[in-house]
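The residues making up each chain are set out below.
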Amino acid sequence: MAIFEHKHFGTPISKELSNYITYNQGKGDIKEIAEKHHYNPLTLTAIIRRNRSLTEANAPMVIDLFRRCIKNYNSNQRTKESINDLIQKAQ
C-alpha cells in the first residue's frame, strides 16, 4: 500500500503527518534527506509545515523523511523503556 495516492498531490500533507514528522525528526534529518533528493532543505521544511503542496516529484523525499521519523520514534521508545527500567530498579 502506498503512503500517498494521486488525490494527495497538489495539496499540503495532512496535519497529522506534519505533526508526526515535526515531533520525530532528528537534527539534520531534513537537510540530509533534502540533499539526497537534490532539493533545498527549505523546500522540504515548507512541505512539512504545510506551506507547499505535495507533488509526485517531492513525494519520495517526504516518504524518506517519514521513514526516518519512524526509526527515530522507535529508537526514542527503546530509550524510554530503558530509562523506565532504570527507574524501577532504583526504587
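Rules and cut-offs
Residues numbered from 1 in each chain as written. Predicted model: local features only at pLDDT ≥ 70, side-chain atom pairs only at ≥ 80, totals over all residues. Heavy atoms only, no water. Helix = DSSP H or I, 4+ residues; strand = E, 2+ residues; numbered from the N terminus. Buried < 20%, exposed > 50% of the residue type's maximum accessible area, 1.4 Å probe, protein only. Contact = heavy atoms within 4.5 Å. Salt bridge = Lys/Arg side-chain N within 4 Å of Asp/Glu carboxyl O. Phe/Tyr/Trp six-rings, centres within 6.5 Å; stacked < 30°, edge-to-face > 60°. Arc of directions from axis to C-beta.

> How should I be thinking about the environment of T55 in this particular structure?
Within the fold, T55 resides in the loop between α3 (41–48) and α4 (59–90). Accessibility expressed as a relative area gives 32% for T55, which makes it partly exposed. Here the alpha-carbon distance between T55 and N40, two residues 15 residues apart in the chain, equals 15 Å.

> Sorry if this is basic, but what is going on with the side chain of D64 here?
Residue position: D64 is located in helix α4. For D64, a relative accessible area of 17% puts it in the buried group. Contact partners of D64, with chain neighbours within four places excluded, come to I33, K36 and H37.

> What's the story with the pattern of salt bridges in this structure? I'm lost.
Pairing between side chains of opposite charge can happen when their charged atoms approach one another. As enumerated under the stated definition, the model contains five salt bridges in all. Among the salt bridges present, the one from R68 reaches D29, with a minimum N-O distance of 2.8 Å. Of this pair, R68 sits in helix α4 while D29 sits in helix α2 (residues 29–36), and the two are 39 residues apart along the sequence. In this structure D29 comes out as buried when scored by relative accessible area, which is 6%. Note that K31 and E35 form a salt bridge whose closest N and O atoms lie 3.1 Å from each other. Separated by four residues within a single helix, K31 and E35 lie in helix α2, roughly one turn from each other. Residue class for K31 comes out partly exposed when judged on its relative accessible area of 48%. Of the residues examined, E35 reaches a relative accessible area of 42% and is grouped as partly exposed. Because the salt bridges share partners, they merge into one network encompassing D29, E32 and R68.

> Can you help me understand the packing of aromatic side chains in this one?
For any pair of aromatic rings, geometry is given as the distance between the ring centres together with the angle between the planes. Evaluation of the coordinates by the stated rule reveals two aromatic pairs. Aromatic side chains Y20 and Y73 sit 6.3 Å apart centroid to centroid with 45° between the ring planes, which places their arrangement in the tilted category. With Y20 in helix α1 (residues 15–24) and Y73 in helix α4, this residue pair connects regions lying 53 residues apart in the sequence. Assessed through its relative accessible area of 34%, Y73 is described here as partly exposed. By way of ring pairs, the aromatic residues Y20, F66 and Y73 are connected into one cluster.

> Whenever I open this one, α2 confuses me. Can you help?
In an α-helix, one turn spans 3.6 residues, which is why side chains three or four residues apart end up on the same side. Burial in α2 covers these residues: D29, I30, I33 and A34. Along α2, the residues classed as buried sweep out an arc of 115° about the axis, all on the same side. One or two steps after α2, the chain reaches H38, where phi turns positive at roughly 65°.

Nothing here speaks to function; it is geometry throughout.
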